[in-house]
Amino acid sequence: MKILVLVLFVFIGITSFISMNDNSPKIEPKAVVKDTLMLDREKYITFLKDSLKGKETVLADSVFKNIKSLKGKSTEQLLSIMNNWGHALGVTCKFCHEVNNWASEKSRNHLRTREMIVMNDRLNRDLLSQMKGFRQPVTMGCISCHNEMKEPPHDGPRPQGPRPRPDGAGSNPGGAKN
Ligand code: HEC
Ligand code: HEC
């Protein structure tokens, strides 16, 4: 009898251990990567927000050194746009910046972004707004193409080899990758 009870206990122990493992929350690697990127971006945003206390509504041009595409935005709006770009491309600030020198244009993605803004504005202003018959006015943003990817799917083969810098200054092997 004693042995039977012991066997029963061991059996219950093993099955509950297995089911405990089964019920443990499943970790989605993709979600973890996403959270890590978000936390990394927030770290820099919080740091910059702290250093800009009281200047939230001031024009970004008057505080930062290298504003060309976002003239007329407040510092608060600029930081929120930065976070949105990071989210739209699934990247951290480092993808476009040297984080100890925000004004630097060393990253080819920084320059590419300025070109993307021009392309995106023309797409909305000159083309999409002229198309008739949508149920509501349609505008596209970075997320429409990028959908949390650095490189949206191509229509056709990708060229091989190093990429040229958007400003034509040659490849940028030391540039920010992520
Ligand atoms: C997809 C590329 C991209 C990402 C990602 C990005 N930035 Fe930017 N950032 C730019 C570009 C381009 C400018 C210049 C805007 C202009 O010309 O008006 C800029 C400008 C800035 C400036 C002003 C720099 C100066 O002194 O002129 C700050 C500060 C900044 N970004 C912070 C951030 C932070 C913080 C993050 C992450 C949360 C971030 N950026 C993510 C592309 C990016
Ligand atoms: C109409 C579609 C479309 C829109 C809208 C768009 N992009 Fe792009 N973007 C692309 C394509 C296509 C590429 C080329 C990807 C490649 O090289 O494989 C690209 C490349 C880039 C790159 C270079 C990435 C790399 O790895 O070389 C950056 C940075 C970028 N886009 C930022 C932006 C930002 C920021 C916005 C919003 C202001 C934006 N894009 C809006 C289609 C778009």
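See the structure shown above.
Draft legend 1. Just the site of ligand 2, in detail. In the region of ligand 2, 21 residues are neighbours, and Met116, Cys142, Cys145, His146 and His154 sit closest. Between ligand 2 and the protein, one listed contact pairs an oxygen atom with a side-chain N or O atom of Arg108 at 3.2 Å. Glu151 places a polar side-chain atom, nitrogen or oxygen, 3.2 Å from an oxygen atom of ligand 2. Per-class residue counts for the shell around ligand 2 are 9 nonpolar, 6 polar and 6 charged.

Draft legend 2. Just the coordination of the iron atom of ligand 2, in detail. For the iron atom of ligand 2, the full set of protein donor atoms is Met116 (SD) and His146 (NE2), and the range of their distances to it is 2.0 to 2.3 Å. With 6 donor atoms in place around the iron atom of ligand 2 and angles of 86 to 180 degrees between them, the coordination shape is octahedral. Of the two residues, Met116 sits in helix 5 (residues 108–127) while His146 sits in helix 6 (residues 142–146), which places them 30 residues apart along the sequence.

Draft legend 3. Examining the packing of aromatic side chains more closely. Going through the model one piece at a time under the given rule, you end up with 1 aromatic pair. Relative to Trp102, the ring of Tyr44 lies with its centre 5.7 Å away and its plane at 75 degrees, an arrangement referred to as edge-to-face. Of the two residues, Tyr44 is situated in helix 2 (residues 29–51) and Trp102 in the loop between helix 4 (75–89) and helix 5; the sequence distance between them amounts to 58 residues. By relative accessible area, Tyr44 is classed as buried at 14%.

Draft legend 4. The arrangement of the pattern of salt bridges in detail. Counted according to the given criterion, the structure contains 8 salt bridges. Asp50 serves as the salt-bridge partner of Lys53, at 3.5 Å between the closest nitrogen and oxygen. The class of Lys53 is exposed, set by a relative accessible area of 62%.

Draft legend 5. Broad picture of the nonpolar core. In this structure, Ile45, Leu48, Leu52, Ala60, Ile67, Leu70, Leu78, Leu79 and Ile81 together form the largest nonpolar core, which totals 9 residues. Considering each element in turn, this core owes the most residues, 3 residues, to helix 4. Apart from the residues within four sequence positions on either side, Leu78 is in contact with Ala60, Phe64, Ile67 and Leu70. In terms of nonpolar packing, the next biggest core, distinct from the first, is built from 5 residues, Ala88, Leu89, Val91 and Phe95 among them.

Draft legend 6. Seen up close, the site of ligand 1. Taken together, 25 residues lie near ligand 1, and Asn66, Met82, Cys93, Cys96 and His97 sit nearest. Backbone polar atom of Lys68 to an oxygen atom of ligand 1: 2.8 Å apart, as the coordinates give it. In the environment of ligand 1, an oxygen atom lies 2.9 Å from a nitrogen or oxygen atom belonging to the backbone of Ser69. Among the secondary structure elements, those contributing two or more residues to the shell around ligand 1 are helix 2, helix 4 and helix 5. Broken down by class, the residue content of the shell around ligand 1 amounts to 14 nonpolar, 7 polar and 4 charged.

Draft legend 7. Spotlight on a nonpolar patch on the surface. The grouping of Met131, Phe134 and Val138 at the surface amounts to a nonpolar patch, some 250 Å² of accessible area in total. Residue position: Val138 is located in the loop between helix 5 and helix 6.

Draft legend 8. Local environment of the environment of Ile117. Inspection of the secondary structure puts Ile117 in helix 5. You can call Ile117 buried: its relative accessible area is 18%. Separated by 48 residues in sequence, Ile117 and Ser69 have C-alpha atoms that sit 7.6 Å apart. Contact partners of Ile117, with chain neighbours within four places excluded, come to Ser69 and Trp85.

Reading guide: rules and limits
Residues numbered from 1 in each chain as written. Chains lettered and ligands numbered in written order. Predicted model: local features only at pLDDT ≥ 70, side-chain atom pairs only at ≥ 80, totals over all residues. Heavy atoms only, no water. Near = heavy atom within 4 Å. Polar contact = N/O pair within 3.5 Å; in protein donor to acceptor, adjacent residues only side chain to side chain. Nonpolar A, V, L, I, M, F, W, Y, C, P; charged D, E, K, R; others polar. Donors = N, O, S within 2.8 Å, 3.2 Å for Na, K, Ca; no water. Tetrahedral: all angles 85-135°; square planar, octahedral: opposite > 155°, others 65-115°. Helix = DSSP H or I, 4+ residues; strand = E, 2+ residues; numbered from the N terminus. Phe/Tyr/Trp six-rings, centres within 6.5 Å; stacked < 30°, edge-to-face > 60°. Buried < 20%, exposed > 50% of the residue type's maximum accessible area, 1.4 Å probe, protein only. Salt bridge = Lys/Arg side-chain N within 4 Å of Asp/Glu carboxyl O. Core = buried A, V, L, I, M, F, W, Y, C linked by side-chain atoms within 4.5 Å. Contact = heavy atoms within 4.5 Å. Patch = residues over 30% accessible without salt bridge, like charges linked within 9 Å, V, L, I, M, F, W, Y side chains within 5 Å. Areas by Shrake-Rupley, 256 points an atom, 1.4 Å probe, with all protein chains shown as cover.

The values reported here are purely geometric and, on their own, carry no functional implication.
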